[in-house]
Amino acid sequence: MLSEKAVKEIEEITTRYPVKRSAVMPALFVVQKEYGYVTEEGMREVAKILGLRPILVFEVATFYTMYNKKPVGKYHIQVCRNISCSLLGAEHVVGIIERKLGIKVKETTSDKRFTLSEVECLGSCGTAPMMQINDKYYESLTEPMIDDILKSLK
Ligand code: FES
């Protein structure tokens, strides 16, 4: 069950919009912050708070890649695989990370520190190839940079 603080936060978010349905996306981020990922229970709670049918929340949560549908590691590495990043070496970036962490895409390291995902455009095409780790962007990636970034997270 969502904490009282999280429920209050969602209720406050609804005041920013003319209709409660518009608050679904930020409300799902509250759920993700609370549980670490978007649980079915969390989606149902959002629907209840916003007075919506649960399917209206489920369809948003399952459409967007920024909502984790299962637990992720302490550091969630999301490598953009869209066109600009792919043309400038996203596949190479993924390969480097897989090799350094010993996992494949969609996997989490056994110590639960890192999860590796491939995602669609993160809106930073001008600094491709890029990745997002938790809430932070890392851009114009090179192998030495990736090495330094991963080392800094251990
Ligand atoms: S294509 Fe990678 S950020 Fe847009």
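Please read all numbers here as calculations on a predicted model, not as lab measurements.

Draft legend 1. Spotlight on the domain arrangement of the protein. Partitioning the protein into structural domains gives domain 1 (4–63) and domain 2 (75–152). For domain 1 versus domain 2, the distance between C-alpha centres works out to 28 Å.

Draft legend 2. Here's a closer look at the packing of helix α2 (residues 24–35) against helix α4 (residues 54–63). Across the interface, α2 lies against α4 with an axial gap of 10 Å and an inter-helix angle of 75 degrees. Considering the angle they form, α2 stands roughly perpendicular to α4. Every residue of α4 that contacts α2 at Val24, Met25 and Leu28 is listed here: Val57, Val60 and Ala61.

Draft legend 3. Just the sheet that holds strand β2 (residues 114–119), in detail. In spatial order, the strands read β2-β1-β3-β4; together these four strands make up an open sheet with mixed pairing. At either margin of the open sheet sits one strand with a lone partner, and together these are β2 and β4 (136–138). Strand-to-strand twist across the sheet, computed as the mean angle between neighbouring axes with direction ignored, equals 25 degrees. The pairing of strand β1 (residues 75–80) with strand β3 (residues 131–133) spans three bridges and is antiparallel. Residue pairing across strands places isoleucine 77 opposite isoleucine 133, the latter belonging to β3. Strands in contact with helix α6 (residues 90–101) are β1, β2 and β3; relative to β1, the strand with the most contacts, it is inclined by about 155 degrees.

Conventions used here
- Residues numbered from 1 in each chain as written.
- Predicted model: local features only at pLDDT ≥ 70, side-chain atom pairs only at ≥ 80, totals over all residues.
- Domains from an automatic or database assignment.
- Axes fitted to C-alpha atoms, helices over the stretch in contact; angles between N-to-C directions.
- Helix = DSSP H or I, 4+ residues; strand = E, 2+ residues; numbered from the N terminus.
- Parallel < 35°, antiparallel > 145°, perpendicular 65-115°, else oblique.
- Contact = placed C-beta atoms within 7 Å.
- Pairing = 2+ DSSP bridges.

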